[in-house]
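Below, each chain spelled out in residue letters.
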Number of protein chains: 2
Amino acid sequence: MHQLILNNFALHVALAPHEQEQALAFFQLREVKKRTWLLHAGKNGRYIYFVKSGCLRMLYTDKSGEEHNIGFYPENWWVCDIVSFFNEKPASNAIQTLENSEVYYISLPQLETLFQTIPKFERFFRILTQNGFELYQRRITSQLYKSAEERYLEFRKCHPGLEQRIAQKHIASYLGITPAFLSMMRKESRV
Amino acid sequence: MHQLILNNFALHVALAPHEQEQALAFFQLREVKKRTWLLHAGKNGRYIYFVKSGCLRMLYTDKSGEEHNIGFYPENWWVCDIVSFFNEKPASNAIQTLENSEVYYISLPQLETLFQTIPKFERFFRILTQNGFELYQRRITSQLYKSAEERYLEFRKCHPGLEQRIAQKHIASYLGITPAFLSMMRKESRV
């Protein structure tokens with residue numbers, strides 16, 4: 001039942017069976033309907049989420065009210081506004097479900113207790129933070145220095161099959177282009 | 001002699017005196033002349049640096065060969081291309097000294113041994129990675145959504161006194177403006 005998250009832990013730390021059970025007890029699991037806000041910009045990001053099923057997005061809303069998708073988080077991905085969560089301050093970004101989803105979540109006090117109980121998790125979340133950093137850096141560098149076509153191919157490589165699951169407008173917003181331009185690129189890439 | 005780095009450790013982890021000595025043994029210290037490249041883009045970032053004195057910069061060089069300063073790292077700052085260092089792959093960014101500097105440095109194998117010897121350092125470097133993430137995120141968000149004036153004031157707040165130590169062209173490159181525009185802003189902010 002909890003195999004997906006246990007396999008995910010196993011990517012970076014080796015846990016004994018009793019540690020797996022201990023760790024799981026710190027997480028809660030909930031079902032979330034499509035288009036639910038799990039974090040509003042300006043509020044404190046109180047949880048780190050692990051996606052068991054479904055798909056979430058993180059987005060930035062600029063001063064003019066326009067949304068910019070920062071990333072998509074389908075099953076087996078972790079998502080949180082790292083800066084807000086660990087520093088307990090208002091989030092720059094928001095998090096919303098794009099599909100009916102099941103998510104595990106953990107609060108900062110629970111996470112600190114988990115670190116004390118099973119110190120290996122310091123390592124796990126250090127690596128997760130590094131990976132988040134890498135994604136974010138790649139995202140920014142792509143936005144600044146790569147063409148829309150290159151960004152589109154990167155997105156498809158990073159998330160095989162996801163393109164069929166989420167609205168065109170969300171992918172376009174992630175790529176920083178109009179839906180019409182995305183549609184044109186899609187047609188061309190089929191050739 | 002090593003008080004600056006020990007005080008820096010103490011910001012996030014409590015070390016017994018024998019642990020302080022143990023930890024220091026994993027770091028090496030070197031003097032570096034002004035304008036020395038500590039990391040070239042495309043090479044693996046083999047070290048994390050802690051600046052004891054002097055000042056470093058991290059920069060991105062775009063396809064047209066133009067340099068974009070990502071950040072400045074004077075005494076008491078840590079600097080490394082996090083993605084390159086932890087994943088042992090070519091760096092997107094380069095690191096150069098802007099002044100004659102003294103830096104502590106540690107390699108990934110040494111760091112892994114330090115984690116085994118004093119597991120508290122997992123926590124220290126997790127927090128350091130989070131702080132790096134925050135800086136990077138703030139840098140990007142500022143670049144996209146704030147005015148040059150706001151960015152200039154943020155820079156002065158983050159690095160009091162640094163403006164007098166480094167060349168105008170480097171600050172302008174960090175702010176994403178021309179040196180002439182920076183000079184104009186400086187005159188206005190004196191009023």
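Bear in mind the structure is a predicted one, so any value in this text is a computation, not a measurement.

Calculation rules
- Throughout, a residue's number is its position along its own chain's written sequence, starting from 1.
- By the order in which they are written, chains take letters starting at A while ligands take numbers starting at 1.
- Owing to the predicted nature of the model, reporting of local features is limited to residues with pLDDT of at least 70; listing and counting of side-chain atom pairs is limited to 80 or more, with chain, interface and lining totals taken over all residues.
- Counting from the N terminus, the helices are DSSP H or I runs at least four residues long and the strands are E runs at least two residues long.
- The globule rule is 2.2 Å times the number of residues to the power 0.38, and the radius of gyration it is compared with is taken over C-alpha atoms.
- Buried residues are those with 20 or more other C-beta atoms within 10 Å of their own C-beta, exposed residues have 12 or fewer, and partly exposed residues lie in between; C-beta atoms are placed from the backbone.
- We superpose the copies by least squares over the C-alpha atoms of residues that have a pLDDT of at least 70 in both of them.
- By the convention adopted here, residues are in contact when the distance between their C-beta atoms, placed from the backbone, does not exceed 7 Å.
- For helices, the axis comes from a line fit to the C-alpha atoms of the stretch in contact; other axes are also lines fit to C-alpha atoms, and the angle between any two N-to-C directions lies between 0 and 180 degrees.
- Roughly parallel covers angles under 35 degrees, roughly antiparallel covers those over 145, roughly perpendicular covers 65 to 115, and oblique covers all other angles.
- Under the scheme applied, nonpolar residues are Ala, Val, Leu, Ile, Met, Phe, Trp, Tyr, Cys and Pro; charged residues are Asp, Glu, Lys and Arg; polar residues are all the others, including Gly.
- If DSSP finds at least two bridges between two strands, the strands pair.
- To count as a nonpolar core, a set of buried Ala, Val, Leu, Ile, Met, Phe, Trp, Tyr and Cys residues must be joined through C-beta atoms within 7 Å.
- Every residue gets a pLDDT, meaning the predictor's confidence in that residue, from 0 to 100.
- Left-handed describes a crossing whose near helix is turned anticlockwise from the far helix through less than a right angle; right-handed describes the clockwise counterpart.

Student: What's the story with the overall build of chain A in this structure? I'm lost.
Tutor: A tally of helices and strands in chain A yields eight helices and eight strands. Compactness check: chain A gives a C-alpha radius of gyration of 17 Å against a globular reference of 16 Å for 191 residues, within 12% of the reference. The dimensions of chain A, computed from C-alpha atoms along their principal axes, are 55 × 35 × 30 Å. In chain A, buried positions account for 32% of the 191 residues.

Student: Help me out: how do you make sense of the relation of the copies chain A and chain B in this one?
Tutor: Between the two copies of the chain lies a relationship made up of a rotation around an axis and a movement along it. Rotating chain A by 180° and moving it 0.0 Å along the rotation axis overlays it on chain B with an RMSD of 0.0 Å. Such a turn and shift between the copies fits a two-fold axis. Minimal C-alpha separation from the rotation axis in chain A is found for Arg126 of chain A, amounting to 2.2 Å. Looking at the interface residues of chain A, 95% of them are also at the interface in chain B, so both copies use one shared face.

Student: It is not clear to me how the environment of Thr178 of chain B should be interpreted in this structure. Could you clarify?
Tutor: Checked against the element boundaries, Thr178 of chain B lands in the loop between α7 (168-175) and α8 (179-189). Between the alpha carbons of Thr178 of chain B and Glu188 of chain B there is a distance of 16 Å; along the sequence they are 10 residues apart.

Student: What should I look at first to understand the packing of α7 of chain B against α8 of chain B in this one?
Tutor: Two quantities define a packed helix pair, namely the angle between the helix axes and the distance between the axes. Residue and element names in this part refer to chain B. Between α7 and α8, the shortest axis-to-axis distance is 9 Å and the interhelical angle comes to 95°. What the angle tells us is that α7 and α8 run roughly perpendicular. Touching Gln168, Lys169, Ile171, Ala172 and Leu175 of α7 are Pro179, Leu182 and Ser183, all from α8.

Student: Is there a simple way to think about the interface of chain A and chain B in this case?
Tutor: Note: interface size is frequently given as the accessible area lost on complex formation between the parts. Each partner contributes residues to the interface: chain A has 22 residues there, and chain B has 21 residues. Only α3 (82-87) and α5 (120-145) of chain A provide two or more residues apiece to the side of chain A that touches chain B. Ranked by residues supplied to the side of chain A that touches chain B, first place goes to α5 of chain A with 14 residues. Looking at side-chain class alone, the side of chain A that touches chain B contains nine nonpolar, seven polar and six charged residues.

Student: I tried to follow the pairing of strand β4 (residues 55-61) of chain B on my own but got confused; where do I start?
Tutor: For a regular strand, the rule is simple: side chains alternate between the two faces of the sheet. Residue and element names in this part refer to chain B. Strand direction decides the pairing type here: β4 and strand β5 (residues 67-74), joined by seven bridges, are antiparallel. Paired with Cys55 across the bridge in β5 is Pro74. If you look at the hairpin formed by β4 and β5, you'll find five residues sitting between the two strands, and Gly65 has a positive phi there, around 90°. Across four bridges, β4 lies against strand β7 (residues 94-97) in antiparallel orientation. Bridge assignment links Leu59 to a residue of β7, and that residue is Ala94.

Student: Any chance you could explain the nonpolar core here in plain terms?
Tutor: Most often, soluble globular proteins keep nonpolar side chains buried together rather than apart. One finds Tyr49, Leu56 and Val79 of chain A together with Tyr49, Leu56 and Val79 of chain B to be the most contacted residues of the largest nonpolar core, which totals 82 residues. In this view, Leu56 of chain B contacts Leu38, Tyr49, Val51, Tyr73, Val79, Ile95, Gln96, Thr97, Leu98 and Ser101 of chain B; residues no more than four positions away in its chain are not counted.

Student: Even after reading the chapter, I still don't get the sheet that holds strand β2 (residues 37-39) of chain B, so can you show me in this structure?
Tutor: Strands in a sheet are paired, the pairing made by backbone hydrogen bonds, and the direction either parallel or antiparallel. All names here are of chain B. With respect to topology, four strands assemble into an open sheet ordered β2-β7-β4-β5, the strand pairing being antiparallel. If you trace the sheet from one side to the other, it starts and ends with β2 and β5, each paired once. The mean angle between the axes of side-by-side strands here comes to 30°, regardless of whether they run parallel or antiparallel. Of the strand pairs in this sheet, β2 and β7 are connected by two bridges, and their pairing is antiparallel. When the bridges of β7 are listed, Leu39 appears paired with Ile95.

Student: Is there a simple way to think about the environment of Leu56 of chain B in this case?
Tutor: Tracing the sequence through the fold places Leu56 of chain B in strand β4. Distance from Leu56 of chain B to Phe9 of chain B, taken between C-alpha atoms, is 20 Å for residues 47 residues apart in sequence.

Student: Just to check I follow, could you spell out the confidence of the model for chain A for this structure?
Tutor: Low pLDDT means the predicted coordinates in that region are not meant to be read closely. Confidence in the prediction of chain A, expressed as mean pLDDT, is 92, and 98% of residues score 70 or more. Overall fold confidence for the complex sits at a pTM of 0.84, while the interface term, ipTM, reaches 0.77.

Student: It is not clear to me how the environment of Lys146 of chain A should be interpreted in this structure. Could you clarify?
Tutor: Within the secondary structure layout, Lys146 of chain A lies in the loop between α5 and α6 (148-158). Note: C-alpha distance between Lys146 of chain A and Asn7 of chain A (139 residues apart in sequence) is 34 Å.

Student: How do you make sense of the sheet that holds strand β1 (residues 28-32) of chain A when you look at a structure like this?
Tutor: Read from one edge of the open sheet, four strands run β1-β8-β3-β6 (chain A), paired in antiparallel fashion. Two strands lie at the open edges of the sheet, namely β1 and β6 (78-79) of chain A, each paired on one side alone.

Student: Hey, could you run me through the packing of helix α6 (residues 148-158) of chain B against α7 of chain B in this one?
Tutor: Residue and element names in this part refer to chain B. Running from N to C, α6 and α7 point in directions that differ by 120°, and their axes come no closer than 10 Å. The orientation of α6 with respect to α7, classified from their angle, is oblique. Classified by chirality, the crossing of α7 by α6 is right-handed. For the pair α6 and α7, contact is made by Ala148, Arg151, Tyr152 and Phe155 and by Ile171, Tyr174 and Leu175, respectively. Counted by class, the contact of α6 with α7 contains six nonpolar, no polar and one charged residues.

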